[in-house]
Structures are given as structure tokens and as C-alpha cells.
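Listed below, chain by chain, are the residues.
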Amino acid sequence: MKNTALTETHVALKAKIVPFAGYNMPVSYEGVTIEHETVRKGVGVFDVSHMGEFIISGPNALELIQKVTSNDASKLVDGKAQYSCLPNDKNGIVDDLIVYKIADEKYLLVVNASNIEKDWDWIKSHNTMNAEMYDASDEYSLLAIQGPKAAEAMQSLTEVNLSTMKFYTFEIANFAGVDDVIISATGYTGSGGFEIYCKNDTIQQVWDNVFKAGADFGIKPIGLAARDTLRLEMGYCLYGNDINDTTSPLEAGLGWITKFTKDFVNAPALKAQKESGVTRKLIAFELDERGIPRQDYEIVDDEGVAIGIVTSGTMSPSLGKGIGLGYVPVELAKVDSKINIKIRKKAVSATVVKLPFYKG
């Protein structure tokens, strides 16, 4: 297992450390519910330094990115980021990622930790135009500072006006006394905030200054368990759960990042799928009675026949009820449709709902 540059700090804070995507990562400090509420109402900090960072540069950088990603990266301007995915050639997804445009011939791709090697090999195999590729994953650390108080709590650490930064924009500036930090108005919690990219040898300084600046705002370290409940309340897909090599972006509700105005890997097949219509869809559901849905639980009809599978599920700390995502036949994907989740041999009634679960 690899460590992040902050692993010893998490151990000192008595975090519960678990193996995740090849890294020793903090799963919780005080408990999921407390940490979840801290982010929903105040400000919390996640160490997500296990994520991968690729720099694609040179005159053919955009051409390569356009070929391997589903979204239209030509729409990006300097300082703008874009959510996208890497389609495979079998109607599935290699990974989902964020594309940052740093300059005309320089882009940063941020990929999931568990897929770093797979993504690199996939992108490289399509680099027939000889764009420059550099894997900076082992050099960068990443903090997600999330919550409604994030901008106010962090403002003393930078001259960038955090309160006016629009969602999915970023600036490269001094932050917490460190130069050339990427300050990105992104995050996977639905409660606002920023993601901070810096080199490994400066992350401890950034971490220490972040906690000093946030002390009056009740800032706390947050583990991966709360990150999962927060993203699930927003209905954000998690790679390996809700999307994978066998799920199409159209089935997963990611048609909005699948742009057929350009050519990309597997575009003709995905376009044909869009025109003919998908046979299954990723839906969101709430349990109608007590229970906690979990990944891989069966979704069954009223006769107990399996019709789908739960891809993500939890007890929502904000709603106080069981929520989840899962794939079902398209005819059962409409909002207010009734389904059942098989929990310990019992079929528990559930209702298909519109995302997000948490309205804020």
C-alpha cells in the first residue's frame, strides 16, 4: 500500500486508516454522521491525494483529449474545468475524469486513483498524434475543502476572491504561503468548496495553514466514508460502483457529457445506442420503510423476480432514510415508479425519485 504525503498526519489525528485504491487512506475520524454534517453545514477537509494527475501538452494536446473523452474540450477556455469520461470501445466507460485547461497547449486530466495505470495505458494507446503526456500522479497532493463556509474560512490564505469563483473554474495562485497552487472551485459533495492541488513537499504546510485559517469556522478533517455519503446524496456516480467498463454513459445518465458534435472513441456505437434507446437506466430510489440498501443487493419486482442491481446505497445522514442508485429496465426508470430492494431475503418497497436526494 502507498501512503499519501499526509498519512502520518492522519495517524496522529487517530483516523481509522483503510486500504483504498492501493493507498492507506483515512476512512473516518469521529464518525460518518458527524463528519457528513460538518461538510453540509460548515467546512471539512478531505485528503484525496490518491487521485491521478496527467499533464497533456504540446500542439496536439487538444486533439488527443478530443479523441479519448466524450465531452467537448474545445469549449474550454483557460481557467475552466470540465467533467467528462473516457469511453471504451465496448459501450462502457474506462473512467470518469475532470479536464482542466491550463493554457492553449497544456491540459491537466484528473483521474480516479484505482484507474491511474489503466487510464494512462488507454490514453497512450490512442496517442497517434504524438501529444506530450506526463504522469504527475506521484508528485501532486490534493485537498478537497468542502462546505458552505469554505470560501469565507479560506479567504485569508489567498488573494484570489474565493466567493466569486464560479463552479468548475480554477486559478493558479499563492495559497497558504505556497506559490503555483491550483485552486479549483470543484468538489464531489454538493455543498460547495474548493479542491487544492500542490506538490507533495508543500502539502503539510498547506494542511497546517488550512486548519489554522478554518479554526474559527469549526473546520474538521473528513474521511472517505463521509465523502461517499455526501456524493451519494447528490447522485454523483462513483467509478467501480455506478459506472464501469460495462456501463454506457447513456445508461448512466451521462448523456450531457457525451457530445456527438465531435468524433471520439466509440462515438458511432454510442450514437446508435442513443438513437435506438437504452434498455436499462441508472435510477435513484428511496426506501419506503426502514432498511439500508447496499451495493450488489438485488432489485426485484412484486413477484420477487430480479430486475436489477443496487450499485450504491446507504442510510442518508441528511434525510434519515435509505437511499441508493441502481440499474433497472427503462420502463421502470420513471420517477414515482415502485420497485423493491431485497434486504436479508425481505423485499423492501422503494420509490424511484429525481436527483439529487439532498436539496440543500
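Below is a short write-up of the structure. Keep in mind that what you see is a predicted model, and the values were worked out from it rather than measured.

**Notes on the packing of aromatic side chains**
To describe a pair of aromatic rings, you give the distance between the ring centres and the angle between the ring planes.
Part 1 of the reasoning: This structure, assessed with the given rule, holds eight aromatic pairs.
Part 2 of the reasoning: Look at Phe54 and Trp120: their rings are 5.2 Å apart centre to centre, the planes differ by 75°, and that puts the pair in the edge-to-face class. Of this pair, Phe54 sits in strand S4 (residues 52-57) while Trp120 sits in helix H4 (residues 116-125), and the two are 66 residues apart along the sequence. Trp120 shares its class with Phe54; the two are buried.
Part 3 of the reasoning: Plain terms: the ring middles of Phe167 and Tyr168 are 4.9 Å apart, the flat faces sit at 85° to each other, and that makes the pair edge-to-face.

**Observations regarding the side chain of Thr247**
Part 1 of the reasoning: Tracing the backbone through its elements, the reader meets Thr247 in the loop between helix H7 (224-234) and helix H8 (267-276).
Part 2 of the reasoning: A distance of 2.7 Å separates the side chain of Thr247 from the backbone nitrogen of Asn244, its partner in a polar contact.
Part 3 of the reasoning: Ignoring anything within four residues of it in the chain, the contact list for Thr247 reads Asn91, Gly92, Ile93, Asp242, Arg280 and Tyr327.

**Focus: the side chain of Asn241**
Part 1 of the reasoning: Structurally, Asn241 is set in the loop between H7 and H8.
Part 2 of the reasoning: A polar contact of 3.2 Å, which involves the side chain of Asn241, links it to the backbone oxygen of Thr311.
Part 3 of the reasoning: Looking at Asn241, its side chain comes within polar contact range of the side chain of Ser312, at 3.4 Å.
Part 4 of the reasoning: Leave out the neighbours within four places in its chain, and Asn241 touches Arg231, Gln295, Thr311 and Ser312.

**Description of the environment of Leu86**
Part 1 of the reasoning: Relative to the elements of secondary structure, Leu86 occurs in strand S5 (residues 80-87).
Part 2 of the reasoning: For Leu86, a relative accessible area of 0% gives the class buried.
Part 3 of the reasoning: Counting along the chain gives 58 residues from Leu86 to Ala144, while the straight-line C-alpha distance between them is 23 Å.
Part 4 of the reasoning: Every residue in contact with Leu86, bar those within four places of it in the chain, is listed here: Val68, Thr69, Ile93, Val94, Asp95, Leu97, Asp119, Trp122 and Ile123.

**Overview of the nonpolar core**
Inside soluble globular proteins, nonpolar side chains tend to come together where they are buried.
Part 1 of the reasoning: Phe46, Val48, Tyr100, Tyr197, Ile243 and Leu254 are the most contacted members of the largest nonpolar core, which has 42 residues in total.
Part 2 of the reasoning: Only strand S2 (23-28), S5, strand S6 (93-103), strand S7 (106-111), strand S9 (140-146), H7, strand S14 (280-287) and strand S17 (322-329) provide two or more residues apiece to this core.
Part 3 of the reasoning: Of all the elements, H7 adds the most residues to this core, at four residues.
Part 4 of the reasoning: Leave out the neighbours within four places in its chain, and Tyr197 touches Glu53, Tyr100, Val110, Tyr140, Ser141, Leu142, Val181, Ile182 and Ser184.
Part 5 of the reasoning: Counting 31 residues, the second largest nonpolar core, distinct from the first, contains Leu6, Ala153, Ala173 and Val206.

**Topic: the pairing of S7**
Two faces belong to every sheet, and in a regular strand the side chains alternate between them.
Part 1 of the reasoning: Within S7, five of the six residues are buried, which leaves it mostly tucked inside the rest of the structure.
Part 2 of the reasoning: Pairing geometry for S4 and S7, over six bridges, is antiparallel. The residue of S7 that forms the bridge with Ile56 is Tyr107.
Part 3 of the reasoning: Of the strand pairs in this sheet, S6 and S7 are connected by six bridges, and their pairing is antiparallel. Paired with Leu97 across the two strands is Val111, which belongs to S7.
Part 4 of the reasoning: Linking S6 to S7, which pair antiparallel, is a turn of two residues.

**Some thoughts on unusual backbone geometry**
Part 1 of the reasoning: The linkage connecting Leu355 with the following residue, Pro356, adopts the cis geometry, with an omega of 0°.
Part 2 of the reasoning: Within the secondary structure layout, Pro356 lies in the segment after strand S19 (346-353).
Part 3 of the reasoning: Backbone geometry at Ala176 places phi at a positive 60°, although glycine is not the residue there.
Part 4 of the reasoning: Within the fold, Ala176 resides in the loop between strand S10 (170-175) and strand S11 (178-184).
Part 5 of the reasoning: Take Ala176: its relative accessible area is 3%, and that puts it in the buried class.
Part 6 of the reasoning: Positive phi, normally seen in glycine, also occurs at Asp180, with a value near 55°.
Part 7 of the reasoning: Topologically, Asp180 is positioned in strand S11.
Part 8 of the reasoning: Residue Asp180 is classed as exposed on the basis of its relative accessible area, which comes to 63%.

**Observations regarding the pattern of salt bridges**
Part 1 of the reasoning: Per the stated rule, a full pass over the model turns up 15 salt bridges.
Part 2 of the reasoning: Here Lys118 makes a salt bridge to Asp245, at a shortest N to O gap of 3.3 Å. Of this pair, Lys118 sits in helix H4 while Asp245 sits in the loop between H7 and H8, and the two are 127 residues apart along the sequence.
Part 3 of the reasoning: Via salt bridges that share partners, Asp78, Lys101 and Asp104 belong to a single interconnected network.

Analysis parameters
- Residues numbered from 1 in each chain as written.
- Predicted model: local features only at pLDDT ≥ 70, side-chain atom pairs only at ≥ 80, totals over all residues.
- Heavy atoms only, no water.
- Phe/Tyr/Trp six-rings, centres within 6.5 Å; stacked < 30°, edge-to-face > 60°.
- Helix = DSSP H or I, 4+ residues; strand = E, 2+ residues; numbered from the N terminus.
- Buried < 20%, exposed > 50% of the residue type's maximum accessible area, 1.4 Å probe, protein only.
- Polar contact = N/O pair within 3.5 Å; in protein donor to acceptor, adjacent residues only side chain to side chain.
- Contact = heavy atoms within 4.5 Å.
- Core = buried A, V, L, I, M, F, W, Y, C linked by side-chain atoms within 4.5 Å.
- Pairing = 2+ DSSP bridges.
- Salt bridge = Lys/Arg side-chain N within 4 Å of Asp/Glu carboxyl O.

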